[in-house]
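# Descriptive analysis of the structure
Letter by letter, the chains look like this.
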Amino acid sequence: MSSSTTIAEALGLPVPVLSFSPVVLSAPGRPVDLQVRVSAPATGTSLPVILLSHGHGPSNHLSSLNGYAPLANFWAAHGFVVVQPTHLTSRTLTDLVADAPGAPDFWRSRAEDMTHVLDRLEVIENAVPQLAGRIDRTKIALAGHSLGGFTAALLLGAGLTDPDTGNLVHLTEPRIKAGVLLAPPGRGGEVFNGPMAEHWPVIGAVDFSTMTAPALVVTGDKDDPRHFTDMGPDWHADPYTLAPRPKTLLTLFDAEHGLGGIAGYDAAETTDESPERVAALAQLTAAYLRTQLHPGDNAWQTTCESFTTGPNPAGRVESK
């Protein structure tokens, strides 16, 4: 059976996508209102939700509600409502928030953005044309790339020792049922020894031992995080290695930090551009979340077999 036939059977045929932005949410105490993009399939009801947390790359606009179209469009076309906030770390907001409390990493604000979105899902649903009444608010998932993977870890249960106070902080969001961490940061401690480690101490302050929610961790076997550590690509697998089960690790072959180009179509900073890799990743992540949110669905098993077996596998999968 071909992978295309298998994916169609596992995820359903794609449908046209509606994309609406910005939806502006007032957020007391936040230096600017929270703006989100919502992408949804044109048809269907009881739709699960994916919150998508952007990273912190060199482009001005990909780290905002305007990025990650290769993933957002695919997920929406296959039955998810995708909500993308512009976090305060976005370069589009630098001039407005440079002196705001929490700058420059805004680690707490990034997590709070997602909780705020969940608190206002009804407002979002009613603001987007043709979406009202179509969301299943009991089926919430979360995905994040790079710094977004760090944010996802906190919301899925990881603890964080606040570098400013030394206090252990938990920002767990129990409404989120499962997550996908894409090229996330790893552990701190002695291995957190790269040139950027002292500038971003919060990255190494995470404790994955309490990250109990189901999660898929996606890494590239050529993603070298030497600016943070000399551990090599395995550092990005720490949210899998150091967290309790149930967890799954997808290692994409020949992938670097952009995982083939998920941040944007034809993005100049993608060092490993591969439309095929992005397509595989989009299908695998959609299948994982579908199976997590619909117990008994075989999308994950079927899609894994398509992409991790045969003469040219996209990667390998292990679970615990």
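In what follows, the structure referred to is the one given above.
Residues numbered from 1 in each chain as written. Predicted model: local features only at pLDDT ≥ 70, side-chain atom pairs only at ≥ 80, totals over all residues. Heavy atoms only, no water.

## Structural notes on the side chain of threonine 302
- Within the fold, threonine 302 resides in helix H9 (residues 299-308).
- Among the residues examined, threonine 302 registers a relative accessible area of 17% and is labelled buried.
- Within the local environment of threonine 302, its side chain forms a polar contact with the backbone oxygen of asparagine 298, the two atoms lying 3.0 Å apart. (Helix = DSSP H or I, 4+ residues; strand = E, 2+ residues; numbered from the N terminus. Buried < 20%, exposed > 50% of the residue type's maximum accessible area, 1.4 Å probe, protein only. Polar contact = N/O pair within 3.5 Å; in protein donor to acceptor, adjacent residues only side chain to side chain.)

## Things to note about unusual backbone geometry
- Of note, the bond from alanine 103 into proline 104 is cis; its omega dihedral lies within 30 degrees of zero at 0°.
- Tracing the backbone shows proline 104 in the loop between helix H3 (94-97) and helix H4 (107-119).
- Note that the residue after arginine 245, namely proline 246, is joined by a cis bond; omega there is 5°.
- Structurally, the position occupied by proline 246 is in the loop between helix H7 (238-241) and strand E11 (247-252).
- Unlike most non-glycine residues, serine 46 shows phi in positive territory, near 55°.
- Structurally, the position occupied by serine 46 is in the loop between strand E2 (34-41) and strand E3 (47-53).

## Things to note about H4
- Under the 1.5 Å per step criterion, the end-to-end length of H4 is 19 Å for 13 residues, consistent within 8% with the ideal 18 Å.
- Every buried residue of H4 is accounted for by Trp107, Ser109, Arg110, Ala111, Asp113, Met114, His116, Val117 and Leu118. (Expected span 1.5 Å × (residues − 1).)

## Details of the packing of H4 against helix H6 (residues 147-155)
- Close contact between H4 and H6 brings their axes to 9 Å; oriented N to C, the two are set at 65°. It follows from the interaxial angle that H4 and H6 lie roughly perpendicular. The interaxial crossing formed by H4 with H6 has right-handed handedness. Taking contact as the criterion, the partners of Trp107, Arg110, Ala111, Met114 and Thr115 in H4 are, on H6, Leu147, Gly148, Phe150, Thr151, Leu154 and Leu155.
- Across the contact of H4 with H6, the residue classes tally to seven nonpolar, three polar and one charged. (Axes fitted to C-alpha atoms, helices over the stretch in contact; angles between N-to-C directions. Parallel < 35°, antiparallel > 145°, perpendicular 65-115°, else oblique. Left-handed = near helix turned anticlockwise from the far one by under 90°. Contact = heavy atoms within 4.5 Å. Nonpolar A, V, L, I, M, F, W, Y, C, P; charged D, E, K, R; others polar.)

## With respect to the side chain of aspartate 297
- With respect to the secondary-structure elements, aspartate 297 resides in the loop between helix H8 (275-293) and H9.
- A distance of 2.8 Å separates polar atoms of two side chains, one belonging to aspartate 297 and the other to arginine 290.
- Within polar-contact distance, the side chain of aspartate 297 engages the backbone nitrogen of alanine 299 at 2.7 Å.
- Setting aside its immediate chain neighbours within four residues, aspartate 297 contacts Ala10, Arg290 and Thr291.

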